[in-house]
Amino acid sequence: MATDRPHRPDVNAPLALYVHWPWCLSKCPYCDFNSRPLVPGERDQIDYRGAILRELEHYAQQTNSRPLSSIFFGGGTPSLIAPATIHAIIDAAQRHWSLQSDCEITLEANPTSIEAAKFRAFQDAGVNRVSIGVQALNDEDLQALGREHSVDEALRALDIASAIFNRYTFDLIYARPGQGQGDWADELEQALSLANGHVSLYQLTIEPGTAFFRQNRVEAEEDLAADLYQMTQEMCEDAGLPAYEVSNHAKPGLESRHNLTYWTGGDYIGVGPGAHGRLTAQPDGATGMTVTRATHQIADPARWLESVSKKGHATAKVRELSRHERLEELVLSGLRLRDGLDAARFVAQCGQDLATALNAEALSDLQQAELIEVDTRGVRTTAQGRLILNAIIARLLDEPPLVTAPA
Ligand SMILES: C[S@@+](CC[C@H](N)C(=O)[O-])C[C@H]1O[C@@H](n2cnc3c(N)ncnc32)[C@H](O)[C@@H]1O
Ligand code: SF4
């Protein structure tokens, strides 16, 4: 591996802020996110609000010279949070950091009627974008996915969102059990007619630890998954919503700014149970070298609350990433983007040129096979390459191949 070059990521660049809310009405059988059913009365939202505010204060002490470019309330189901709590959190963020004038503030919402009825109050609290978990556009499949809402409720939630927010998006899960190409084509066509410049389309994965995993459910066969993926790309492209990331499609300019921060290796603060963060700092200004630290909050909500009340934060771990770990994560996330890895940004972020960081033989072979494009701007996959993205990443990083599914 080549020697490190001094590198200068902008340690004062804007930050993204992620706020995790771990509760849901019930646990969906496919979901391995840090979420659990809300037991009424078990924990008061006031406790949670106070604890989030304390974690914000904790991280603000280390980073408050940097403005925020986005805030994302994720979960779990943050649309279960009282709008007054969302307001208090946004308000505190504004006091601790300055919010950029176009700060994107997204809240993940489930489309039950109770949650959709709160959209106006969320907007009043400062939210300017909702991401709605529609998941399927037929009731039978919604039930099979263990969802609490119906198609009618999902359509109503989209309707309400369109009347309130300039920007909103929704998620669908495809390659569901028994779903053929024709079924998905019809559903996607309907979805695209409902889209407002952004949709997230995920292939169903069966994750260890989930109810589906315990029931021995299986993912769609590789060939069918690849056909569904390709069809998805074509239909979205034709509708003016090309993929800007493996599973995310947007009209140019309407991409999720928050998620782009993750995929382009930007810094972000993560508060709430199980949230992760990445913070780059310059511990010794003399050499110009910087370090990126990964932060992890305690995942279990009760232990998280206890730690915050004792120490003012529940950071379980702060770990300095080695140069190689940083390089790997930049490649892994950057190649998920259609624009791929930006050469200048990469060298600024990890002190190595793409040409020396990536396996030279793999670069040349993959380029010749028209699976990647390499030029002075950087490295990106072709449409064909995106079908085997994980295998390409493994070759470029000189590692054994991972799973080959595209989404
Ligand atoms: C944090 S989750 C859920 C947000 C929100 N609580 C909801 O359910 O709508 C974000 C998205 O990941 C997707 N997702 C979660 N588990 C998945 C799985 N096993 N396979 C495919 N997509 C999944 C769903 O589309 C979901 O909306
Ligand atoms: S998919 Fe969403 S609603 Fe379902 S358990 Fe996961 S986070 Fe909760």
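**Q** Before we move on, could you go through the pairing of strand E4 (residues 68-75) and cite the residues and values that matter?
**A** Counting buried positions over the eight residues of E4 gives eight, a clear majority of the element. Pairing geometry for strand E1 (residues 15-21) and E4, over seven bridges, is parallel. Residue Leu17 lies in a different strand from E4, and its bridge partner there is Ile71. The pairing of E4 with strand E5 (residues 99-109) spans five bridges and is parallel. Within E5, the position partnered with Ile71 by the bridge is Ile105. Read as a crossover between parallel neighbours, the route from E4 over helix H2 (residues 83-96) to E5 is right-handed.

**Q** Can you tell me about the pattern of salt bridges, naming the residues and giving the values?
**A** Under the definition given, this model contains 17 salt bridges. Here Glu104 and Arg167 are joined by a salt bridge, their closest N and O atoms 3.0 Å apart. Taken together, the residues span a long stretch of sequence, with Glu104 in strand E5 and Arg167 in strand E7 (residues 167-174) at a distance of 63 residues. Looking at Arg167, the relative accessible area reads 14%, which means it is buried. Salt-bridge contacts for Lys310 lead to Glu306; the nearest nitrogen and oxygen are separated by 3.1 Å. Residue Lys310 and its partner Glu306 are both found in helix H11 (residues 301-311); the two are separated by four residues, about one turn of the helix. Beyond isolated ion pairs, a larger network of salt bridges with shared partners links Glu373, Asp375, Arg377 and Arg380.

**Q** Residue-level account of the site of ligand 1, with values.
**A** Neighbouring ligand 1 are 16 residues, the closest being Gly76, Gln135, Arg147, Asp171 and Thr205. The contact in question runs from a nitrogen atom of ligand 1 to an N or O atom on the backbone of Thr205, over 2.9 Å. Its free accessible area being 560 Å², ligand 1 has 91% of it covered by the protein chains. Of all the secondary-structure elements, those providing two or more residues to the shell around ligand 1 are strand E6 (129-135), E7 and strand E8 (198-203). For the shell around ligand 1, the class distribution of residues is five nonpolar, eight polar and three charged.

**Q** Explain the domain arrangement of the chain to me, and be specific about the residues and the numbers.
**A** Per the domain assignment, the segments making up the chain are domain 1 (15-261) and domain 2 (323-407). Here domain 1 and domain 2 have C-alpha centroids that lie 28 Å from each other. Contact with domain 2 buries surface across domain 1, with Tyr229, Glu245 and Val246 losing the most and accounting together for 41% of the total. The interface formed by domain 1 and domain 2 contains two salt bridges. Between Arg338 and Glu237 there is a salt bridge whose closest N-O contact spans 3.4 Å. Residue assignment for the side of domain 1 that touches domain 2 shows that the elements contributing at least two residues are helix H9 (222-238) and strand E9 (243-245).

Rules behind the numbers
- Residue positions within a chain follow its written sequence, with the count starting from 1.
- Ligands are numbered from 1 and chains lettered from A, in the order in which they are written.
- Note on the predicted model: pLDDT of at least 70 is required for a residue's local features to be given, and 80 or more for side-chain atom pairs to be given and counted; whole-chain, interface and lining totals, by contrast, use all residues.
- Side-chain figures throughout are based on the complete set of non-hydrogen atoms in the structure, without hydrogens or water.
- Using a 1.4 Å probe on the protein chains alone, a residue whose accessible area is under 20% of its type maximum counts as buried, one over 50% counts as exposed, and one in between counts as partly exposed.
- Think of it this way: any DSSP run of H or I at least four residues long counts as a helix, any run of E at least two long counts as a strand, and we number them from the N terminus.
- When DSSP finds two or more bridges between a pair of strands, those strands are recorded as paired.
- Looking down the strands as they point away from you, a crossover is right-handed if its path from the first strand over the helix to the second goes clockwise.
- A pair is scored as a salt bridge if a Lys or Arg side-chain nitrogen falls within 4 Å of a carboxyl oxygen belonging to Asp or Glu.
- Throughout, the term near means that a residue has one or more heavy atoms lying within 4 Å of the molecule or strand in question.
- A 3.5 Å cut-off defines polar contacts: any pair of N or O atoms within that distance qualifies, except that in protein one atom must be a possible hydrogen donor and the other a possible acceptor, and neighbouring residues in sequence count only when both atoms are side-chain atoms.
- Calculation of accessible area relied on Shrake-Rupley with a 1.4 Å probe; when residues are assessed, cover is drawn exclusively from the protein chains displayed.
- Three categories are distinguished: nonpolar for Ala, Val, Leu, Ile, Met, Phe, Trp, Tyr, Cys and Pro, charged for Asp, Glu, Lys and Arg, and polar for the others, with Gly belonging to the last.
- Each domain's limits were defined by an automated method or a database of domain assignments.
- Reported buried area values correspond to the accessible surface (1.4 Å probe) lost by two parts on association, with both partners' losses combined.

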